[in-house]
Amino acid sequence: MTRYKIILEYDGTNLIGWQENTQGDSVQSVLKDAIYNFCNERPDVVGAGRTDAGVHAIAMCAHFDLEKETDANTVMRALNFYLNDKPVSVIDCEIVDDDFNARFSCVARHYKYVVLNRSAKPVLNNNRVWWVPRRLDVVAMEKAGQKLIGNHDFTSFRSTECQAKSPVKTLDSCVIKQNGDEIIFEFSARSFLHHQVRNMVGTLVEIGLGKPYDIDEIFNAKNRSAAGPTAPSSGLFFVSASYPNND
């Protein structure tokens, strides 16, 4: 048995998310189909994160095991051949030790969220940004974002469908920067609750629009209704996953 670590890039617009189910193409299902078409095996494919429908990835890490050992470059080329008509691409592949696990070995996950803040609608970046036509106060959002950093009970920022055992998470960083008409939110943590990033962005955007949200009060409420709306999935990108001894 040989374990392969792959790095994936995907456009989540027409995917139902990472997790395989019967509702349509998921990242996991199209990968399993590609692996089967390549070597007649259908292993479980474990990802560093489970992105929702419409969410994209710049460098999602995943692993799977194959009975027959094949060099990593051949595996990558074969998978990309069978993924040719899917919005998923394998951009790196390597053979790793059996104790590597894309999910459980991960020490940090990095996301970014892109808001297009201009009066004109997006065309080239449609489905890859959240279009907010009203001018946002970036300084106010930065100030509020700093309060999200640290160890907190994120109940107010988790989906009501979240299955995590505990709402307590540690947000390592929250960086907000403006690049022309784009406002980019960057978050890093060991793990996130379901919809946590999108709910934090939705709340910060409300603050940027002048709404009277207070982060401390939201934390204390421990109630999803106390925070802002869930930002659309289209602007969210899984950027990368960090592992011990990563460069």
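Residues numbered from 1 in each chain as written. Predicted model: local features only at pLDDT ≥ 70, side-chain atom pairs only at ≥ 80, totals over all residues. Heavy atoms only, no water.

Student: I'd like to hear about the overall build of the protein, residue by residue, with values.
Tutor: When you go through the protein residue by residue, the secondary structure sums to five helices and ten strands. The C-alpha atoms of the protein give 19 Å as radius of gyration, which agrees with the globular expectation for 247 residues (18 Å, within 12%). Over its C-alpha atoms, taken along the principal directions, the protein stretches across nearly 60 × 40 × 35 Å. When burial is assessed residue by residue, the protein has 50% of its 247 residues classed as buried. Split by element, the accessible area of the protein, about 12100 Å² in all, is 45% carbon and sulfur. (Helix = DSSP H or I, 4+ residues; strand = E, 2+ residues; numbered from the N terminus. Rg over C-alpha atoms; globule rule 2.2 N^0.38 Å. Buried < 20%, exposed > 50% of the residue type's maximum accessible area, 1.4 Å probe, protein only. Areas by Shrake-Rupley, 256 points an atom, 1.4 Å probe, with all protein chains shown as cover.)

Student: Describe the packing of aromatic side chains, naming the residues involved and giving the relevant values.
Tutor: For any pair of aromatic rings, geometry is given as the distance between the ring centres together with the angle between the planes. One pass over the structure, following the stated rule, counts nine aromatic pairs. Ring geometry for Phe81 against Tyr82: centres 5.0 Å apart, planes inclined by 85 degrees, an arrangement best described as edge-to-face. Assessed through its relative accessible area of 59%, Phe81 is described here as exposed. Residue Tyr82 is classed as partly exposed on the basis of its relative accessible area, which comes to 33%. With centroids separated by 5.1 Å and ring planes inclined at 80 degrees, the aromatic side chains of Tyr111 and Phe238 adopt a geometry described as edge-to-face. With Tyr111 in strand 5 (residues 108–116) and Phe238 in strand 10 (residues 236–242), this residue pair connects regions lying 127 residues apart in the sequence. Phe238 gets classed as buried once you look at its relative accessible area, which sits at 0%. Members of the aromatic cluster, each reached through a chain of ring pairs, are Tyr111, Phe192 and Phe238. Directly above the aromatic system of Tyr36 lies the positively charged group of Arg42, at a separation of 5.0 Å from the ring centroid. One Lys or Arg, Lys112, reaches over the ring of Phe237 and ends 5.3 Å from the middle of that ring. (Phe/Tyr/Trp six-rings, centres within 6.5 Å; stacked < 30°, edge-to-face > 60°. Lys NZ or Arg CZ within 6 Å of the ring centre and 35° of its normal.)

Student: Any details on the layout of surface pockets? Residues and values, ideally.
Tutor: Volume-wise, the largest pocket comes out at about 1200 Å³. Taken together, 38 residues make up the lining of the largest pocket; nearest its centre are Arg50, Arg103, Phe192, Leu193 and His194. Of all the secondary structure elements, the ones that give two or more residues to the lining of the largest pocket are strand 5, strand 8 (168–179) and helix 4 (196–208). Of the residues in the lining of the largest pocket, the class split is 15 nonpolar, 13 polar and ten charged. (1 Å grid on protein atoms, 1.4 Å probe; cavity = no way out; pocket = protein on both sides within 12 Å on 5 of 7 lines; lining within 4 Å. Points joined across faces, edges and corners; volume = space filled by probe spheres on them. Nonpolar A, V, L, I, M, F, W, Y, C, P; charged D, E, K, R; others polar.)

Student: Which residues make up the pairing of strand 3 (residues 56–66), and what are the values?
Tutor: In terms of burial, strand 3 is largely enclosed, as nine of its eleven residues are buried. Note that strand 1 (residues 2–10) and strand 3 share eight bridges and pair antiparallel. Following the sheet pairing, Leu8 is matched in strand 3 by Met60. Examined bridge by bridge, strand 2 (residues 46–47) and strand 3 share two bridges and lie antiparallel to one another. Counterpart to Gly47 in the pairing with strand 3 is Ala62. Of the strand pairs in this sheet, strand 3 and strand 10 are connected by two bridges, and their pairing is parallel. The residue bridging Ala57 from the neighbouring strand is Phe238, located in strand 10. (Pairing = 2+ DSSP bridges.)

Student: Can you lay out the state of the cysteines for me, pointing to particular residues and giving the numbers?
Tutor: For the coordinates displayed, the defined rule picks out zero disulfides. In this structure Cys93 is a free cysteine whose sulfur lies 11 Å from that of Cys61, the closest cysteine sulfur available. With no disulfide of its own, Cys174 lies closest to Cys106 among cysteine sulfurs, the gap being 19 Å. By relative accessible area, Cys174 is classed as buried at 4%. (Disulfide = S-S within 2.5 Å.)

Student: With reference to specific residues and values, describe the side chain of Asn199.
Tutor: Residue placement: Asn199 occurs in helix 4. Discounting residues that sit within four places of it in the chain, Asn199 has contacts with Phe157, Arg158, Ser159, Arg224, Pro229 and Thr230. (Contact = heavy atoms within 4.5 Å.)

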